[in-house]
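Take a look at the letters that make up each chain.
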Amino acid sequence: MEARVIHESLKPAPVIAPGHTFESVTEKINAVVLTKKFGFGWIVGLAIAFMLANLLLLSTAVILIGGVGGFGINAPVGWGFDIVNFVWWIGIGHAGTLISAILLLLNQSWRTSINRFAEAMTLFAVACAGLFPLIHMGRPYFFYWLLPYPNVIALWPQTRSPLVWDVFAVTTYATVSLMFWLVGLIPDIATLRDRTKSTVLKYVYGILSMGWRGSARHWHNYESAYLLLAGLATPLVVSVHTVVSFDFAVGIIPGWHSTIFPPYFVAGAIFSGFAMVLTLIIPVRAYYKMHDFITDRHLDNMAKVMLATGLIVFYGYANEVFYAWYSASKWEQYMMFGNRMQGPYMWFYWALILCNGLVPQILWSKKMRLNVYVLFIVSIIVNIGMWLERFIIVVTSLAQDFLPSSWGMYYPTVWDFGFFIGTIGFFLSLMFLFVRFVPMISVFEVRMLLPESKPKGAAAHE
Amino acid sequence: MADGQKSYLAPDLAASGSRYLIVAAAGAAGLAAGWFINHDQFFLSYLVGYVFWINMALGMLFLLMIQHLTGGAWGVLTRRVLESGARTLPALAVLFVPVIVGMHSLYEWTHADAVAADKILQHKAPYLNTTGFLTRAAVYFVVWGAVALLLAAWSRGQDLTGRPEFTHRMRTLSGPGVVMYGLTVTFMSTDWFMSLEPHWFSTMYPVLFVVGQGLAAFTLTIITVVWLSGRAPLAGVVTQKHLHDLGKLMLAFVLLWAYTNFSQFLITWSGNLREEVPWYLKRTQEGWLAVALILVIFHFALPFVLLLSRKVKQNARLLAGIAAVLLVMRAVDLFWFLRPAVPHGGGEGHHGLSLMTALSTVWIDLSALAAIGGLWMFLFMRGLSKRPLLPVNDPHFEEALAHGRH
């Protein structure tokens, strides 16, 4: 059959720059870990991030010594920054799982050069997220009371409470994400083991690679294990944030009790996750000159996912406004038109509409999607917007619910901010260590993208 | 072009399509009988039949735009089926006329005396009124019809000329098209179905329609593709891998259906609020719980378990069989959604219409399904017969055909 000529303008951009070989891919990605010196920018960045992480230690110490009174929470707003930041961080994690699991199942080959990075981000974000409810408990040393373990103190978790489901959802998510990431690393760690010149690192990488020799049997088992893990991780993309949305929606507080919450939370999580991947990957790509592997096509695709999920989120806002009116319920209407739009936190609400609703519309333009500066700024604005969204949901509804006599304002304390900024520092410190000590791009998977890895005569589409 | 390139035209499909006119005629006879025997019931039953088929057409329009946006082999394989389904939308606009005629008997908010006695209906009157309802319906049909016909026309242009601008246009329209689709389906589901129980509201409701439409479209698309793959000119073109992909996507929609419906149920149940929970009370009492359980088993559990298996997804007959079960379940789901809505005598008491009463007039629903469905299938098959069954000039064409061949 005569090959059809595909018009230039219809060809997708490549997912890997032309001219690479197996060797050049391995060299270029592993060089960051094996041979490069610690760059000045990396050291300064890590130092700043680590200083911020110390703020986390300080804030945690203050709260553990003095109790949760050190946070700004009080009646009526009993859920403040802790829950806002918990939801924010856990949402950010979702992009990693989506990229690594769902895009794998959908045969999207462009995912290979960003999945390792995004999965690492997931792990670190989940670690940050977990800290908030733990400290918010007030007595974190009793955290195991949430688990249904055999005990003699007549303790049994309330299984009808989504807060208990949260414990299961988040711990499962953290476990599966960690396994997925570690399993995905094995072949690359083995490469590092074979290539490193340091004896100590040879042992470290040797243990982590779990005896990988790259035999056909290894690869066969590996492929099925990876696919199974992807299948396991896929429902988690949906379930974790669904359970988080139930934390709110099963209550009857106006602004929380909305049936659309589960899918709208999941879309918001993916939205914020992709925004965070872009925020991190754009500078990393520039610093380590990884343009060959993280191409404009990747940024373009991620921007498209961000636009699509952003539209779903924006739809959620509009849907809530319309049905608040349509409900004819005075509580629903007050929540939307009195409280959110004109209440004491109205600036947060309108800033949210600007950040999550209006600004991302710029991504309809391909030119803007391909402009890294625009994309970087939009991604940061979306990160802020998604934080505002959680603030609006958590705080405004609690501050002004059914009974005006019990209304009150929420003012975060310096320790609220310290704890939050501290987790950002902790997160960034881990990211800095990650890019330097682990190949940030999956070497063996990128090698499979090369034309020479395809069987002779087969169509190059896998 | 080269000899190797076959024509994918199948003009004989028009003849098989004509047979559906017999079904349509039988359905129409049933509907006519329904009109005279049970005039009260006629309109709601008609609405059940109508919503099934408009959901099908809209779901196909939705999937058509999604495949333009995402590309992929499944899009090339299903494009013509989806286009043909979406092109029935103008005809469905005409079939909407009986709903307009029956507005007064369907919707409580069209009764001036009911509105005068009900503060909630007064509040909603700026939205729920006859003029608004008709204007919005006109807007929906113009939007849907325009998008469907434009996409079909450009696709034809791509077929005939292979010029890239047609491909670009289809992709460019599909982005805003999906947004328009989401908005119109939101208001359509509110206007036509949610307002049957005008006190009730749920923010998830439009999403349930989007998901139901997508699933309905997938089931019929899979059945059609499997059927076509056994005869000329598509024989030998459809591979196991294609079926596997379609099966995966159908599984995703089955899960989405269960996920969205269960979420709405859980949130409503746990809130247990006076203005929300009657919707479920009506649908779980007086026998309706049995229908709900049938839905749980055959709309979710069974297809879910079966579709998890790769072997099942790659087996054309089994896959089409599961799709057929799901297609029937779509009708059962809509019956469960709409029929308990209006207990005769009005009101929103906890004890609504009993299932047995509903089943005594189910023949009118089935007549409506057959009448509209027969006509719909006739148009659908005629649409398929007029164009090549595969978009030969699509940039993904060869890639899609090679999918699963090595």
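These lines cover the structure that appears in this document, whether it is placed above or below. All figures in this text were calculated on a predicted structure; none of them were measured in a lab.

Criteria and cut-off values
- Residues numbered from 1 in each chain as written.
- Chains lettered and ligands numbered in written order.
- Predicted model: local features only at pLDDT ≥ 70, side-chain atom pairs only at ≥ 80, totals over all residues.
- Heavy atoms only, no water.
- Axes fitted to C-alpha atoms, helices over the stretch in contact; angles between N-to-C directions.
- Helix = DSSP H or I, 4+ residues; strand = E, 2+ residues; numbered from the N terminus.
- Parallel < 35°, antiparallel > 145°, perpendicular 65-115°, else oblique.
- Contact = heavy atoms within 4.5 Å.
- Nonpolar A, V, L, I, M, F, W, Y, C, P; charged D, E, K, R; others polar.
- Salt bridge = Lys/Arg side-chain N within 4 Å of Asp/Glu carboxyl O.
- Buried < 20%, exposed > 50% of the residue type's maximum accessible area, 1.4 Å probe, protein only.
- Expected span 1.5 Å × (residues − 1).
- Buried area = accessible area lost by both parts, 1.4 Å probe.
- Polar contact = N/O pair within 3.5 Å; in protein donor to acceptor, adjacent residues only side chain to side chain.
- 1 Å grid on protein atoms, 1.4 Å probe; cavity = no way out; pocket = protein on both sides within 12 Å on 5 of 7 lines; lining within 4 Å.
- Points joined across faces, edges and corners; volume = space filled by probe spheres on them.

1. Digging into the packing of helix 4 (residues 73–86) of chain B against helix 12 (residues 205–229) of chain B
Residue and element names in this part refer to chain B.
- Close contact between helix 4 and helix 12 brings their axes to 10 Å; oriented N to C, the two are set at 100 degrees. In terms of axis orientation, helix 4 runs roughly perpendicular to helix 12. Note on element contacts: helix 12 touches helix 4 through Phe218, Thr221, Thr224 and Val225, opposite Trp74, Leu77, Thr78, Val81 and Leu82.
- Residues of the contact of helix 4 with helix 12, tallied by class, amount to six nonpolar, three polar and no charged.

2. Structural notes on the pattern of salt bridges
Residue and element names in this part refer to chain A.
- Inspection of every chain in the model, using the stated rule, returns 20 salt bridges over all chains.
- Across the pair Glu445 and Arg111 runs a salt bridge whose closest N-O atoms are separated by 3.4 Å. You can see Glu445 sitting in helix 15 (residues 443–449) and its partner Arg111 sitting in the loop between helix 3 (81–105) and helix 4 (115–136), a full 334 residues away along the chain.
- Of the residues examined, Glu445 reaches a relative accessible area of 11% and is grouped as buried.
- Relative accessible area serves as the criterion here: at 1%, Arg111 is assigned to the buried category.
- Measuring nitrogen to oxygen at the nearest pair gives 3.1 Å for the salt bridge that ties Arg116 to Asp188. Of this pair, Arg116 sits in helix 4 while Asp188 sits in helix 5 (residues 162–195), and the two are 72 residues apart along the sequence.
- The exposure class assigned to Arg116 is buried, which follows from its relative accessible area of 3%.
- A network of salt bridges, in which partner residues are shared, links Asp300, Lys304, Lys366 and Arg369.

3. Thoughts on helix 10 (residues 130–161) of chain B
- Compared with an ideal rise of 1.5 Å per residue, which puts 32 residues at 46 Å, helix 10 of chain B spans 46 Å between its outermost C-alpha atoms and is within 8% of the ideal.
- Phi turns positive, to about 75 degrees, at B:Gly162, one or two residues after helix 10 of chain B.

4. Section: the interface of chain A and chain B
- Contact residues are listed per partner, giving 42 residues for chain A and 56 residues for chain B.
- Carbon and sulfur atoms supply 67% of the area buried between chain A and chain B, which totals about 4,200 Å² over both sides.
- Counting every contact that joins chain A to chain B gives zero salt bridges.
- Applying the counting criterion to the chain A and chain B interface returns 14 residue pairs in polar contact (both at pLDDT 80 or more).
- Every element with two or more residues in the side of chain A that touches chain B is listed here: helix 7 (216–249), helix 8 (261–288) and helix 9 (296–326) of chain A.

5. With respect to empty space enclosed by the protein
- Considering all chains together, one arrives at five cavities of 30 Å³ or more under this definition.
- Forming the boundary of the largest cavity are 15 residues, of which A:His257, A:Ser258, A:Glu332, B:Phe201 and B:Thr203 lie nearest the centre.
- Listing elements by their share of the lining of the largest cavity, those giving two or more residues are helix 9 and helix 10 (330–342) of chain A.
- With three residues, the top contributor of residues to the lining of the largest cavity is helix 9 of chain A.
- Its residues assigned to classes, the lining of the largest cavity shows five nonpolar, seven polar and three charged.

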